[in-house]
Amino acid sequence: MKPVDVPPRPGFPLRMPSGFGKAIAPKLIAAGARVTGPAALKNTQKVASMPVPGVPGVPGVAAGLGLDSQAVRARMVQKLAAQGVQDSRVLAAMAQVERHRFVDSALVNQAYEDTSLPIGLGQTISKPNVVARMLELLVKDRDGKLGRVMEIGTGCGYQAALLAQLAAEVYSIERLRGLHDKARDNLRPLRVGNLHLLFGDGMVGYAKGAPYAAIIAAAGGEALPQAWIDQLAVGGRLVAPVQGTNGAQALVVVDKTVHGTTQTLLEAVHFVPLKSGTSQT
Ligand code: SAH
């Protein structure tokens, strides 16, 4: 599957850049999430069990990208490594997951640039460098695969697909129905059996999957919800954007030990806001 064997595709003008609330189950139910209680998994979209369409892939221009995009992803990964991403598990996952399948067809030619992109409903998919940085923080100092992981903010499902390669089980929560559905559609052809998509308010977490070896949030609030800390396993790690007193966001890493939690504040970031409740839009 060498790119040189593939005839040029006019439809593939890829440009290479030079460059805390509490964990209260009833609130979750009231929010329409129904992700707790006996019927919890009814609302869980287990991607593997979904029908696979006749033609795997996405319609339109993206459908023809399969062969070519491998080389472009490899270049993206080289660039990430040059920028300091070192973990081989993270780099391998980023080489594997086809980011162009998660963006609108009009944006496909930017899918492998180091840029954030709109995914609808005012939300964005983070740029690859930020995704890789957060994933690396999550797996750092841990051998092999992570156990159960919770992601807050499924968005288009791209990071969830990466997490599914790094962890035994992934629970990914999205509060906007439109994006929850979009992620399910994007992920269906990939048949990711260990990824569970949940529609609900991620601020209350997902107690049924707890304790989590890792928790990662793609949206930032003023404080870390207590539910996330409660649902983190002892020995587990949380990586999330959080707003400082000056209003600027920074990445925070929380490690939970038998003695309590330690928080490390890292570089400034720009994530969409963490919002409570759910929306059917
Ligand atoms: N990881 C995603 C990034 C999506 S942007 C991707 O790869 O595409 C962040 C997402 O967090 C948005 O879709 C937003 O709707 C969602 N979000 C914000 N607050 C939330 C909450 N309380 N619970 C669940 N999702 C939330």
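K.L.:
Please clarify how the pairing of strand 4 (residues 146–152) should be interpreted in this entry.
P.N.:
Along any regular strand the residues' side chains alternate between the sheet's two faces. For strand 4, the buried fraction is high: five of the seven residues fall into the buried class. In this structure, strand 4 lies alongside strand 5 (residues 167–174), joined through six bridges in parallel fashion. Bridge pairing in strand 5 places I152 opposite I173. Regarding topology, helix 5 (residues 158–166) serves as the crossover connection from strand 4 to the parallel strand 5, and that connection is right-handed. Pairing geometry for strand 4 and strand 7 (residues 212–217), over four bridges, is parallel. Bridging from a neighbouring strand, M150 pairs with I215 of strand 7.

K.L.:
I keep staring at the site of the ligand and nothing clicks. Help me out?
P.N.:
In the vicinity of the ligand, 28 residues are found, and the nearest of them are T124, E174, D201, G202 and K275. In this structure, D201 approaches the ligand through a side-chain N or O atom, which is 2.9 Å from a nitrogen atom. One of the backbone N or O atoms of G202 is found 2.7 Å from a nitrogen atom in the ligand. Alone, the ligand offers 580 Å² of accessible surface; in the complex the protein occludes 99% of this. Secondary structure elements with two or more residues in the shell around the ligand: strand 3 (123–125), strand 4, helix 5, strand 5 and strand 12 (272–273). If you tally residues by element for the shell around the ligand, the top one is strand 3, at three residues. Of the residues assigned to the shell around the ligand, the class counts are 14 nonpolar, nine polar and five charged.

K.L.:
Even after reading the chapter, I still don't get the confidence of the model for the protein chain, so can you show me in this structure?
P.N.:
Predicted coordinates in areas of low pLDDT are best not read in detail. Overall, the predicted model of the protein chain reaches an average pLDDT of 82, with 76% of residues at or above 70. Note on residues 1–63: pLDDT under 50 across the span, and 113 contacts to partners over four residues away in sequence or across chains.

K.L.:
Is there a simple way to think about the packing of aromatic side chains in this case?
P.N.:
Inspection of the entire model under this criterion finds three aromatic pairs. With centroids separated by 5.3 Å and ring planes inclined at 40 degrees, the aromatic side chains of Y171 and Y206 adopt a geometry described as tilted. With a gap of 35 residues between them, Y171 in strand 5 and Y206 in the loop between strand 6 (195–199) and strand 7 connect regions that are remote in the sequence. Of the two residues, Y171 and Y206, both sit in the buried class. Ring centres of Y171 and Y212 lie 6.2 Å apart, and the angle between their planes is 65 degrees; this geometry places the pair in the edge-to-face category. With a gap of 41 residues between them, Y171 in strand 5 and Y212 in strand 7 connect regions that are remote in the sequence. One residue, R99, lies across the ring of Y158, its end atom 5.6 Å from the ring centre. Positioned over the ring face of F199 is R177, at 4.1 Å from the centre of the ring.

K.L.:
Would you mind showing me how to read the pattern of salt bridges here?
P.N.:
One side chain can pair with another of opposite charge once the charged atoms of both are near each other. Taken as a whole and assessed by the stated rule, the structure comprises ten salt bridges. Note that D104 is salt-bridged to K182, the shortest N-O span being 3.5 Å. Residue D104 is found in the loop between helix 3 (88–96) and strand 2 (117–120), and its partner K182 is found in helix 6 (residues 177–187); the two are separated by 78 residues along the sequence. In this structure K182 comes out as partly exposed when scored by relative accessible area, which is 24%. Ionic contacts of the salt-bridge type, sharing partners, join the residues D141, R142, R237 and D255 into one network.

K.L.:
Whenever I open this one, helix 3 confuses me. Can you help?
P.N.:
Side chains that are three or four residues apart share a direction in an α-helix, a result of its 3.6 residues per turn. Within helix 3, burial applies to V90, L91, A93 and M94. Down the axis of helix 3, the smallest arc covering the buried residues is 160 degrees, so these residues share one side. Turned more than 90 degrees off the buried face of helix 3, the exposed positions are S88 and Q96.

K.L.:
Would you explain the environment of D104 in this entry?
P.N.:
By relative accessible area, D104 is classed as partly exposed at 37%. Expressed as a C-alpha distance, the spacing of D104 and C156, which sit 52 residues apart in the sequence, is 9.8 Å.

K.L.:
What's the story with the pairing of strand 9 (residues 232–243) in this structure? I'm lost.
P.N.:
Of all twelve residues in strand 9, nine are buried, a share of seventy percent or more. Bridge count for strand 7 against strand 9 is four bridges, and the pairing is parallel. Bridging from a neighbouring strand, Y212 pairs with L232 of strand 9. Relative to strand 10 (residues 249–257), strand 9 is paired through seven bridges, and the arrangement is antiparallel. Paired with Q243 across the bridge in strand 10 is Q249. Between strand 9 and strand 10, which pair antiparallel in sequence order, lie five residues; one of them, G247, sits at a positive phi of approximately 90 degrees.

Rules and cut-offs
Residues numbered from 1 in each chain as written. Predicted model: local features only at pLDDT ≥ 70, side-chain atom pairs only at ≥ 80, totals over all residues. Heavy atoms only, no water. Buried < 20%, exposed > 50% of the residue type's maximum accessible area, 1.4 Å probe, protein only. Helix = DSSP H or I, 4+ residues; strand = E, 2+ residues; numbered from the N terminus. Pairing = 2+ DSSP bridges. Right-handed = clockwise from strand over helix to strand, strands pointing away. Near = heavy atom within 4 Å. Polar contact = N/O pair within 3.5 Å; in protein donor to acceptor, adjacent residues only side chain to side chain. Areas by Shrake-Rupley, 256 points an atom, 1.4 Å probe, with all protein chains shown as cover. Nonpolar A, V, L, I, M, F, W, Y, C, P; charged D, E, K, R; others polar. pLDDT = per-residue confidence, 0-100. Contact = heavy atoms within 4.5 Å. Phe/Tyr/Trp six-rings, centres within 6.5 Å; stacked < 30°, edge-to-face > 60°. Lys NZ or Arg CZ within 6 Å of the ring centre and 35° of its normal. Salt bridge = Lys/Arg side-chain N within 4 Å of Asp/Glu carboxyl O. Arc of directions from axis to C-beta.

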